[in-house]
Amino acid sequence: MATPLSPQQIHPPFAPYSHGIVVPAGQRLVFCSGQLGIGADKIVPPDCVGQTRICFDNIAAILGEAGMTLANIIRINAYVTGREHLPDYMGVRNVLFAEPYPASTLMIVSGFARPEFVVEIEAIAAGPA
């Protein structure tokens, strides 16, 4: 199991995430490309909540092929197109993860390849070899 790093001499995380994660020796890593909020049916929900759910569902499917789940995620990089999307993204993310929380970065970007997308999420997972 990954071990969170939370040094007392730095400011605590602003949300449920870890400043760092130590992956035990012998674990294998899975790197998930950035996932957009588009389903296999090519439908893109108009809202950040719907798109975020699809992003994490897609990541769960990728990890499933490697015999892992969202619980194996040790690092999340997420990108949204505006501050107004932060609460919706974080609301979905916070329901999906428990301690030890993955390390996480959330950035506001100017946009994605298609204008209907408002969120993109990439992840790194670690699990038994």
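Residues numbered from 1 in each chain as written. Predicted model: local features only at pLDDT ≥ 70, side-chain atom pairs only at ≥ 80, totals over all residues. Heavy atoms only, no water.

Draft legend 1. View of the environment of Ala40. Counting through the fold element by element, Ala40 comes out in the loop between strand 3 (27-36) and helix 1 (48-65). Overall, Ala40 belongs to the exposed group, its relative accessible area being 88%. Residues Ala40 and Asn58 lie 18 residues apart in sequence; the distance between their C-alpha atoms is 9.1 Å. (Helix = DSSP H or I, 4+ residues; strand = E, 2+ residues; numbered from the N terminus. Buried < 20%, exposed > 50% of the residue type's maximum accessible area, 1.4 Å probe, protein only.)

Draft legend 2. Main features of the pairing of strand 4 (residues 73-80). Within strand 4, 7 of the 8 residues are buried, which leaves the element mostly enclosed by the surrounding structure. As paired elements, strand 4 and strand 6 (residues 119-128) share 7 bridges and run antiparallel to each other. Looking across to strand 6, one finds that Ala78 is bridged to Ile121. Where strand 4 lies against strand 5 (residues 103-108), 6 bridges are found, and the strand directions are parallel. (Pairing = 2+ DSSP bridges.)

Keep in mind these numbers describe shape, not what the thing actually does.
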